[in-house]
Amino acid sequence: MLSNVIKSYLLNVVSLLCVGWFLYDFLSLNIQFSEVMTHPEPPWGITMSIGSFASLIVLLIVSFFYYRARKKTKNVSPLLFPFEFAEEDEREKMITAEACKKAFVFLLFSIPIGAILIAFYPLLPNSFSFYPIAVLLLLSLVQLTVYYVSISKIYR
C-alpha cells in the first residue's frame, strides 16, 4: 500500500508542475496580448509553447489510466482525487480522515500566510509576474505533502 501512496504523491506533484508550467506559458501569452492591445499597430505576434499544453493532456491521459487501474469499486467517482479517497473498509476511512484533518489544519495556517505573501506582490519588480501563481502552487504542494506524509506515517 505504501508504494501506491508514493506513486499517487508523485503523480500529484507532477500534475502540479505541469499545471504550473501551463499557467506560466498562459500568463506569458496574456502579457503578450496586453502588449498588442496597448500598441495595436502591426506588426505584432503572440506565441505560446505547445509543450506545456501537450504535457497537461498527456498527464490527464496517464491519470485516467492510473485511476482505472486503481479503481476498486464500480461506484467511485473519477473526481475523487487523490486516489486514496476511495476507501474500502473502516480502517482506510479512519486513515483518510486523519490525513485530511492534518491537511485542513495546515490550510488554516497557510492560507493567511499565502495572502500576506501575495500582498507583497506590488513591491516586486515586473520580472516576476508569476509570483501569485507560484505562491498558490506552493501552498498546494505543501498541502499535498502534509497529506501524504501523514498517510505514510499511519500506514507504517
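Preceding this paragraph is the structure being described.
A few points on the structure.

## What about the environment of alanine 134?
Mapped onto the elements of the fold, alanine 134 is located in helix H4 (residues 131-155). Sequence separation of alanine 134 and tyrosine 24 is 110 residues, and the distance between their C-alpha atoms is 9.1 Å.

## Topic: the environment of valine 105
Take valine 105: it is sitting in helix H3 (residues 90-119). On the basis of relative accessibility, which here comes to 38%, the residue valine 105 falls in the partly exposed class. Separated by 38 residues in sequence, valine 105 and glutamine 143 place their C-alpha atoms 9.7 Å apart.

## Observations concerning the packing of aromatic side chains
Evaluation of the coordinates by the stated rule reveals six aromatic pairs. Centroid distance tyrosine 9 to tyrosine 148: 5.3 Å. Interplanar angle 65°. Geometry classified as edge-to-face. Taken together, the residues tyrosine 9 in helix H1 (residues 2-38) and tyrosine 148 in helix H4 connect sequence positions 139 residues apart. We classify tyrosine 148 as buried; its relative accessible area is 4%. Judged by centre distance (6.2 Å) and plane angle (0°), the rings of tyrosine 121 and tyrosine 131 are stacked. With tyrosine 121 in the loop between H3 and H4 and tyrosine 131 in helix H4, this residue pair connects regions lying 10 residues apart in the sequence. Residue classification places tyrosine 131 among the buried positions, given a relative accessible area of 13%. Each residue in the set Tyr9, Tyr147 and Tyr148 is aromatic and connected to the rest through ring pairs, giving one cluster.

## What about unusual backbone geometry?
Between proline 42 and proline 43 the backbone carries a cis peptide bond, its omega angle lying at 5°. Structurally, the position occupied by proline 43 is in the loop between H1 and helix H2 (50-70).

Cut-offs and rules
- Residues numbered from 1 in each chain as written.
- Predicted model: local features only at pLDDT ≥ 70, side-chain atom pairs only at ≥ 80, totals over all residues.
- Heavy atoms only, no water.
- Helix = DSSP H or I, 4+ residues; strand = E, 2+ residues; numbered from the N terminus.
- Buried < 20%, exposed > 50% of the residue type's maximum accessible area, 1.4 Å probe, protein only.
- Phe/Tyr/Trp six-rings, centres within 6.5 Å; stacked < 30°, edge-to-face > 60°.

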